[in-house]
Amino acid sequence: MLGQKKSSLEYGIGYFGNTWINPGLEFSMEYPLINTRTGKSKYSDLGESMITLQGSAAAYWDPFSHVGLLNYYQLNFKQYFGKRLGIQMGFGFVLQSNVTGDNYVVDEDFQIEEQGFVRNNYGGIHISGGFFVDNKYNNRGVLNKMSLYVLAPHNAGILPVFSYHFIYLMK
Amino acid sequence: MHRLYILLLLVVTFFSCERQDAEAMIDLINVVRDDATIPAYIYGNTGSKVFLIILHGGPGGSGLEYRGGAFTESMEQDYAVVYTDQRGQGMSQGNLNPEDFTPENLAADVHALALSLRYKYGEDIRLFLFGHSWGGTLGSTVMVNPEYAVQYRGWIEVAGAHDMPMTFLGGLTKMDTIAGEQIAAGNNVSYWEGIRESVSQIEPTIESNDQGILTQNMLAFKAEQKLTDQGDINAPSVEYLFDALNNIYFINNNITSFFSGNYTNGIFFENGLTNFSVTDQLKNIETPSLLLWGKYDMVVSDTLGYSALEEIGAEDKALHIFEESGHSPFVNEPALFTEIVIDFIERLK
């Protein structure tokens, strides 16, 4: 029982942490595009290493400033070792919207308008790496990964953001 | 499937946790101006109708770094204290134009904050402005503008760098003087001779001397630490250190704050902050002014305090030098510092 079945959609739900003070929730889907190596004989329908396309949506909460909503899309290289353990490395892009509440919008003449929410949008690249452990039937697992995404333009420059993902996988 | 329920339960439990400090915060408002979203964290006694706006140092610091220890604890009992992250710093946000990072534009942000506080809490609130270090640069830029200054009952400048060339040159002189005094007193002679030697190697010119300015600033902080170790400067209390670490690592997203602040600091200096000075405009300040400096401040020396005392136009002005303090007297002598600030506010509120 090696690897992941061809054409099997893997989806997961889990914890997204943009540092320890910004907890969040993440939903992701991953689809194998290319099997670069498959299992032998009767396991030939299982990929041992593959390139996958992953799309994820996450929301995190900063208790003192804003809520962040992220969408990221990336290509992963995924490699199984042994029967259950594997690594996943990916590269893609991310779109982030930060939403703040209780806003006072001040114009050029210092006239004030109160607004409930204001949204700031950022884009950037995203890289990640981590490991996963599947159960012996390959139909459940957990994925641990760290990622770095670089948002721009944020405060007149780029902003590197690190996050941690702990995702419960279902196939 | 039950594992999924357990996971969801853990996530929900995590979201439902609130940190203790959240209970003490009265309000978080965001001032949106010129593409920036600038947070202001309001703690303390809003019923007093007295609001103290704290402008942090840097450029590159954050407002909540200042919330800690005896000083802000006492302030929050009597007044509302407003800790704000400036444009491009702390947890502020926005897709900003680097050309907008000037003291004048940030002074307009502070004015927008003052008006927003009046909008939210009423026109009858009484505002005081407090600026430390770079916050003194910014606060002075606010106060020399009569349109902005009219909002405030008082201006409290703490080791404020309202004249960057004077900050650099005064810092060099101060370090050399203190090193000479320490050598004469026989205290850590080799260390202070080394400081003197390092100071003598810094070119005392502003133009094209970013490295010299940076070196002076770093040496000043190191020398102040040495004076703290020797006992000339009072060490920060454990309570203050605990609060500061808590605020830096568990209140703000410190990674965001660190990267934003550093980047913004660089932009300010690219925009010519090295030559910035409002000394020739201090005569425009008619607001009662309290100037507070540490005797051993080598980062922003008391030369600027004496200069401001002479130049500020207000009749109601005073300078207090703290005998056992460096760059942050509210940390080194919090009890005396608090007493002086409260006396000032009580007299003018």
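Residues numbered from 1 in each chain as written. Chains lettered and ligands numbered in written order. Predicted model: local features only at pLDDT ≥ 70, side-chain atom pairs only at ≥ 80, totals over all residues. Heavy atoms only, no water.

S.K.: So what's going on with the domain arrangement of chain B? Which residues, and what values?
M.R.: Residue and element names in this part refer to chain B. Each domain of chain B was delimited in the assignment, giving domain 1 (7-163 + 236-348) and domain 2 (166-230). Using only C-alpha atoms to locate each centre, domain 1 and domain 2 end up separated by 27 Å. The partner domain 2 presents 18 residues to the 18 residues of domain 1 that form the contact. Roughly 1,600 Å² of surface becomes buried between domain 1 and domain 2 when both sides are summed, with 63% attributable to carbon and sulfur atoms. A per-residue breakdown of the area domain 1 buries against domain 2 is headed by Thr 274, Met 298 and Val 299, which together make up 45% of the total. Where domain 1 touches domain 2, the interface holds 1 salt bridge. Between Lys 174 and Asp 302 there is a salt bridge whose closest N-O contact spans 3.2 Å. Counting the contacts that link domain 1 with domain 2 gives 7 residue pairs in polar contact (both at pLDDT 80 or more). The residue inventory of the side of domain 1 that touches domain 2, partitioned by class, reads 6 nonpolar, 8 polar and 4 charged. (Domains from an automatic or database assignment. Contact = heavy atoms within 4.5 Å. Buried area = accessible area lost by both parts, 1.4 Å probe. Salt bridge = Lys/Arg side-chain N within 4 Å of Asp/Glu carboxyl O. Polar contact = N/O pair within 3.5 Å; in protein donor to acceptor, adjacent residues only side chain to side chain. Nonpolar A, V, L, I, M, F, W, Y, C, P; charged D, E, K, R; others polar.)

S.K.: Can you tell me about helix H14 (residues 334-348) of chain B, naming the residues and giving the values?
M.R.: Taking 1.5 Å per residue as the helical rise, H14(B) with its 15 residues ought to reach 21 Å, and the 21 Å between its terminal C-alpha atoms agrees with that figure. Among the residues of H14(B), B:Phe337, B:Thr338, B:Ile340, B:Val341, B:Ile342, B:Phe344, B:Ile345 and B:Leu348 are the ones counted as buried. (Helix = DSSP H or I, 4+ residues; strand = E, 2+ residues; numbered from the N terminus. Expected span 1.5 Å × (residues − 1). Buried < 20%, exposed > 50% of the residue type's maximum accessible area, 1.4 Å probe, protein only.)

S.K.: Could you give an account of the packing of helix H3 (residues 69-78) of chain B against helix H10 (residues 238-251) of chain B, with specific residues and numbers?
M.R.: Residue and element names in this part refer to chain B. Two elements in contact, H3 and H10, have axes separated by 7 Å at closest approach and are oriented at 75°. One finds that H3 runs roughly perpendicular with respect to H10. For the pair formed by H3 and H10, the contact residues are Gly 69, Ala 70 and Glu 73 on the first element and Glu 239, Tyr 240 and Asp 243 on the second. Partitioning the contact of H3 with H10 into residue classes produces 2 nonpolar, 1 polar and 3 charged. (Axes fitted to C-alpha atoms, helices over the stretch in contact; angles between N-to-C directions. Parallel < 35°, antiparallel > 145°, perpendicular 65-115°, else oblique.)

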